[in-house]
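Summary of structural features
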Amino acid sequence: INMDEADYISSVNVSDYTQGELMAEWLVEAIGEKGEVALISGIAGTSTAVEITQATNDVFDKYPDVELVQEVYTQWDFAESKSATQDMVQAYPNLAGILTHSSPRASAEVFIENNLPLIPITWMGENGALRIWKEYLDAGIAINAKGFTKPPYLARTALDIGMAALKGESVEKYVEVPVHIITEEDIDDYFRPDFADRFWTMTTMSDERIMELFPVE
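Everything quoted here is computed from the prediction, not taken from an experiment.

Tallying secondary structure elements over the chain gives seven helices and eight strands in all. The C-alpha atoms of the chain give 18 Å as radius of gyration, which agrees with the globular expectation for 217 residues (17 Å, within 12%). For the C-alpha atoms alone, the extent of the chain along its principal axes is close to 60 × 40 × 30 Å. When burial is assessed residue by residue, the chain has 45% of its 217 residues classed as buried.

Here it is in structure tokens:
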């Protein structure tokens, strides 16, 4: 949190450092604790990017046979993430895995469009990314995948706490929401084939409201 504690009543968030640790530990295990890996981050200098990057490097440093060959910032932008992944694939043909918290779908599409085997990539809760994952599963193709996400319902939780504070109720200074993890076993609980790719799962909105905000294009 890049502010003095006196400047706010309560903060609601996922621990970005914990999320980075979980993602990095999974990726290391997925590649057999050895090989070249790359990190695709969001916006340089933001607390989320700083903490996830720090956690990632702390984990990778524990494994001498894991080499972080490239680290890029893509502004959490789909097009930039896809371009960065394309460059990585060309520069590092032996790349074993990608840790990304900037549009995993963009990275996956690079491998698919170039007819390359899909290497371990950290996934998140974007519906489009889950769509690709589900298509592989439905085709009987096993991929080494796991989703790590900061759930959108954080905003509603923060609003609930804010309203409680305005009513004079006591609220916690810091509310840490767990990193939400999606696996092959429970992907059907989160993927919505009737929603747009840019929709993010784990929301408390009604289906009707989601269709208004995220119409299928």
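Here the focus is unusual backbone geometry. With phi around 65 degrees, Ser103 is a residue other than glycine that occupies positive phi space. When you line up the elements, Ser103 lands in the loop between β4 (95–100) and α4 (104–113). A positive phi is found at Asn115, a non-glycine position, where the angle reads about 55 degrees. Its place among the elements puts Asn115 in the loop between α4 and β5 (121–123).

Packing of helix α3 (residues 78–91) against α4 leaves a shortest axis separation of 8 Å and a crossing angle of 45 degrees. With respect to each other, α3 and α4 are oriented oblique. Read as a crossing pair, α3 and α4 show a hand that is right-handed. Where α3 abuts α4, its residues Phe78, Ser81, Lys82, Thr85, Gln86 and Val89 lie against Arg105, Ala106, Ser107, Glu109, Val110, Phe111 and Glu113.

Tallied over the entire structure, the rule returns four aromatic pairs. Note on Phe195 and Phe199: the rings are 5.0 Å apart at their centroids and 80 degrees apart in plane angle, and the pair reads as edge-to-face. Across the pair, Phe199 and Phe195 agree in class, each one buried. Here a set of aromatic residues connected by ring pairs shows up, and it is made of Phe195, Phe199 and Phe214. Stacked on the ring of Tyr8, the Lys or Arg Lys173 has its end atom at 4.6 Å from the ring centre.

Counting residues in each nonpolar core, the largest one holds 28 residues, and the members touching the most others are Leu118, Trp123 and Trp133. Those elements that provide at least two residues to this core are β2 (35–41), β3 (66–73), α3, β4, α4, β5 and α5 (127–138). If one sorts the elements of this core by residue count, α5 sits on top with five residues. Ignoring any residue separated from it by four or fewer positions in sequence, one finds Leu118 in contact with Ala108, Phe111, Trp123, Tyr136 and Ile143. Counting 22 residues, the second largest nonpolar core, distinct from the first, contains Ala24, Ile31, Val37 and Phe60.

Reading the values: rules and limits
Every chain is numbered independently, its residues counted from 1 as its sequence is written. Residue-level local features of this predicted model are given only where pLDDT is at least 70; pairs of side-chain atoms are given and counted only at 80 or more, and the full residue set underlies all totals for whole chains, interfaces and linings. Hydrogens and water molecules were not included; the side-chain quantities draw on all heavy atoms of the structure. Runs of E in the DSSP output that reach at least two residues are strands. Runs of H or I that reach at least four are helices, and both are numbered from the N terminus. For this measure, only C-alpha atoms enter the radius of gyration; the expected value for a globule follows 2.2 Å times N^0.38, where N is the number of residues. The classification of residues rests on relative accessible area computed with a 1.4 Å probe and restricted to protein chains. Under 20% of the type maximum is buried, over 50% is exposed, and intermediate values are partly exposed. Axis definition: a line fitted to C-alpha atoms, over the contacting stretch in the case of helices. Angles run 0 to 180 degrees between N-to-C directions. Every angle not falling under 35 degrees, over 145, or within 65 to 115 is termed oblique; those three ranges are roughly parallel, roughly antiparallel and roughly perpendicular. Crossing handedness is read from the near helix: turned anticlockwise from the far helix by less than a right angle, it gives a left-handed crossing, and turned clockwise, a right-handed one. By definition in these notes, contact holds between two residues if any of their heavy atoms fall within 4.5 Å. Here a Phe, Tyr or Trp ring, Trp counted by its six-membered ring, pairs with any other such ring whose centre lies within 6.5 Å, and the pair is stacked when the planes are under 30 degrees apart, edge-to-face when over 60, and tilted otherwise. By definition here, charges over rings are those cases where NZ of Lys or CZ of Arg is within 6 Å of the ring centre and within 35 degrees of the ring normal. We call a set of buried residues a nonpolar core when its members are Ala, Val, Leu, Ile, Met, Phe, Trp, Tyr or Cys and they connect through side-chain atoms within 4.5 Å of each other.

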